[in-house]
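Read off the chains here:
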Amino acid sequence: MKRLGSLNVYSLLLTLSMLCFVARSQLRTDFYSPSCPNVFKIVRKEVQRAMMNEMRIAASLLRLQFHDCFVNGCDGSIFLDGDDSEKLAIPNRNSARGFEVIDTIKTAVESACSGIVSCADILTIATRDSVLLSGGPNWKVLLGRRDGLVANQTGANSNLAGPTETIQSILTKFTSVGLNLTDVVSLSGGHTIGSSRCGVFNTRFFNFSGSGAPDSRIEESMLSDIQNTCPSVNGDGNKTVPLDRNSVDLFDNQYYTNLLNGQGLFASDQSLATGNETLTATTRTIVELYSDQNQRFLDDFVKSMIKMANISPLTGTDGEIRNNCRTVNS
């Protein structure tokens, strides 16, 4: 009986693996060639326009894909409004942004080819363009995702990595969706662009882990700058600080050099290079490699982004093509 049970479990795992492979194999770079041939031009134009208005939006769109794919897979569920909206989850509330840009892109795409391109695919293309237009790498995106029918606020609260988490905790969340430790380090490099609100991280600069003192790993000049910009008393928690203080809007490997110099903004970032975690010895080696070889970082980042964008996609007849990214079709 035990052997039969083991075989049943094995068969189930094999079936799930095959279903996942089939779903991913249905994604293609030319998925919209016959049905919406201008979708890439339309998305690129709107992302360019949004970035001309505000450079920070590139990082915001990149973050949206992270926060979408780690909850229910890459199904556009982060866009849905409602009581169970993922937008209202703690990691996203007053933090996730760029929804209006996606709305604008969706409207433009619908005008060209109504009911054809999913919100999930629009986000995938817009994310790639955001990285490219920030000076980062280009890559061919796999397309053919469909939109989910439900949001998952509980999943957003539990599945998304936070700025104070340990490497092990983050790795656990990554491995649960098929990513590995190298993906953790390479995708963390997305913090080479964008900014964060003082209220998200300032306890690290004044009262780290309840110690009453700043995190000792913080480089001295950065500590002074942040304490002046984000004071612990009467400070504006909504004021923003660049995630990469030495290369603010350029997508490059400066983020990793910052970590080696004690200039990571988040504790979770800094732990990749310095700290007493067991995994730090391994992640620091990768950080050193990326700091020394920009092209290696860019190549690995692309590989990891493609893997992440392929987390549990809805394909075929699953889900739907939403007319409005914020609501399911009636």
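Under an unreviewed UniProt entry, the protein chain has the name Peroxidase and belongs to Heracleum sosnowskyi. Turning to the protein chain, the UniProt record has this under Subcellular location (unreviewed entry): "Secreted".

Asks: Tell me about helix 14 (residues 294-309), residues and numbers included.
Replies: The end-to-end C-alpha distance of helix 14, which contains 16 residues, comes to 22 Å, matching closely the 22 Å that a straight helix rising 1.5 Å per residue would cover. What helix 14 keeps buried is the set Phe-297, Leu-298, Asp-300, Phe-301, Val-302, Ser-304, Met-305, Met-308 and Ala-309. Those residues of helix 14 hidden inside the fold are in contact with helix 3 (57-69), helix 5 (119-132), helix 8 (181-188), helix 11 (254-260) and helix 13 (280-292).

Asks: Quick one: what's the story with the pattern of salt bridges, residue by residue and with numbers?
Replies: A pair can form between side chains of opposite charge whenever their charged atoms are brought close. Inspection of every chain in the model, using the stated rule, returns 17 salt bridges. Of the charged contacts, one joins Arg-28 and Asp-30 as a salt bridge, the two residues approaching to 3.1 Å between their closest N and O atoms. Look at Arg-28 and you get partly exposed, because its relative accessible area is 37%. For Asp-30, a relative accessible area of 39% gives the class partly exposed. Close ionic contact of Arg-245 with Asp-225 constitutes a salt bridge, the shortest N to O distance being 2.7 Å.

Asks: Give a detailed account of the UniProt feature "site: Transition state stabilizer" (unreviewed entry) in the protein chain, specifying residues and quantitative values.
Replies: Within this structure's numbering, the places UniProt gives as "site: Transition state stabilizer" (unreviewed entry) are Arg-63. Relative to the elements of secondary structure, Arg-63 occurs in helix 3. According to the relative accessible area criterion, Arg-63 is partly exposed, its value standing at 31%. Residues contacting Arg-63, with those up to four places away along its chain left out, are Pro-91, Ser-95 and Ala-96.

Asks: Talk me through the UniProt feature "binding site: heme b" (unreviewed entry) in the protein chain; I want residue IDs and the actual numbers.
Replies: Residues given the UniProt feature "binding site: heme b" (unreviewed entry) here are His-191. With respect to the helices, strands and loops of the structure, His-191 is situated in the loop between helix 8 and strand 1 (195-197). The residues touching His-191, leaving out its near neighbours within four places in the chain, are Leu-243, Asp-244, Tyr-255, Phe-266 and Asp-269.

Asks: How would you explain the state of the cysteines if you had to name every residue and give the values?
Replies: All told, the structure shown has four disulfides when counted by the stated rule. With its sulfur 2.0 Å from that of its partner, Cys-69 forms a disulfide with Cys-74. Taking the sign of the torsion about the S-S bond as the criterion, the disulfide between Cys-69 and Cys-74, at about 120°, is right-handed. By relative accessible area, Cys-74 is classed as buried at 1%. Note on cysteine connectivity: Cys-198 is disulfide-linked to Cys-230, with sulfurs 2.0 Å apart.

Asks: For the packing of helix 8 against helix 14, give the residues involved together with the corresponding values.
Replies: Taken N-terminus to C-terminus, the directions of helix 8 and helix 14 make an angle of 110°; their axes are 9 Å apart at the nearest point. Considered as vectors, helix 8 and helix 14 are oriented roughly perpendicular to each other. When the axes of helix 8 and helix 14 are compared, the crossing they make is left-handed. Within the contact between the two elements, helix 8 uses Thr-182, Asp-183, Ser-186 and Leu-187 and helix 14 uses Phe-297, Asp-300, Phe-301, Ser-304, Met-305, Lys-307 and Met-308.

Asks: Account for the layout of surface pockets, with residues named and values stated.
Replies: Summary: where empty space remains is shown by rolling a probe the size of a single water molecule over the atoms. Size it by volume and the largest pocket reaches roughly 980 Å³. If you trace the largest pocket, you find 40 residues lining it, with Arg-63, His-67, Ala-161, His-191 and Phe-266 closest to the centre. Counting residues per element, the ones that place at least two in the lining of the largest pocket are helix 3, helix 6 (153-159), helix 7 (167-175), helix 8, strand 1 and helix 12 (267-270). Here the residues of the lining of the largest pocket sort into 19 nonpolar, 14 polar and seven charged. Computed from the structure, the second largest pocket encloses a volume of approximately 290 Å³. Residue lining of the second largest pocket: 19 residues in total, with Thr-164, Phe-208, Arg-217, Ala-267 and Ser-271 positioned closest to the centre. Among the residues forming the lining of the second largest pocket, the class breakdown is seven nonpolar, eight polar and four charged.

Asks: Tell me what's going on with the nonpolar core, and back it up with residues and numbers.
Replies: Formed by 70 residues in total, the largest nonpolar core has its most connected members in Leu-64, Phe-79, Ile-102, Ile-105, Val-109, Phe-301 and Met-308. Take this core: its biggest share by element is eight residues, from helix 3. If we ignore the near neighbours within four places in the chain, the residues touching Ile-105 are Val-43, Glu-46, Val-47, Ile-122 and Ala-126.

Conventions adopted
- Here the residue numbers are simple positions, counted from 1 along each chain's written sequence.
- For a predicted model such as this one, the threshold for reporting local features is a pLDDT of at least 70, and the threshold for listing and counting side-chain atom pairs is 80 or more; totals across whole chains, interfaces and linings nevertheless cover every residue.
- In computing side-chain values, all of the structure's heavy atoms are included and hydrogens and water are not.
- UniProt positions are given in the numbering used here, feature names are shortened, and annotations may be inferred rather than shown by experiment.
- Helix and strand definitions follow DSSP, with helices as H or I runs of at least four residues and strands as E runs of at least two, each counted in order from the N terminus.
- Expected helix span is taken as 1.5 Å per residue step, with the number of steps being one fewer than the number of residues.
- Partly exposed residues are those whose accessible area sits between 20% and 50% of the maximum for their type, while under 20% is buried and over 50% is exposed, using a 1.4 Å probe and protein chains only.
- By definition, residues are in contact when any of their heavy atoms lie within 4.5 Å.
- The working definition used for a salt bridge is a side-chain nitrogen of Lys or Arg within 4 Å of a carboxyl oxygen of Asp or Glu.
- Any pair of cysteine sulfurs within 2.5 Å is marked as a disulfide.
- Working convention: axes come from line fits to C-alpha atoms, limited for helices to the stretch in contact. Angles between N-to-C directions cover 0 to 180 degrees.
- If an angle is under 35 degrees, it is roughly parallel; if it is over 145, roughly antiparallel; if it lies from 65 to 115, roughly perpendicular; otherwise it is oblique.
- When the near helix sits turned anticlockwise from the far one by under a right angle, the crossing is termed left-handed; a clockwise turn instead gives a right-handed crossing.
- Of the two site types, the cavity is a set of points on a 1 Å grid over the protein atoms alone where a 1.4 Å probe fits but cannot get out, and the pocket is an open set with protein on both sides within 12 Å along at least five of seven lines, each lined by residues with an atom within 4 Å of a point.
- Grid points are joined across faces, edges and corners, and a volume is the space filled by probe spheres set on the points.
- Gly falls in the polar group here, along with every residue not listed as nonpolar (Ala, Val, Leu, Ile, Met, Phe, Trp, Tyr, Cys, Pro) or charged (Asp, Glu, Lys, Arg).
- For this analysis, a nonpolar core means a set of buried residues of the types Ala, Val, Leu, Ile, Met, Phe, Trp, Tyr and Cys, connected via side-chain atoms within 4.5 Å.

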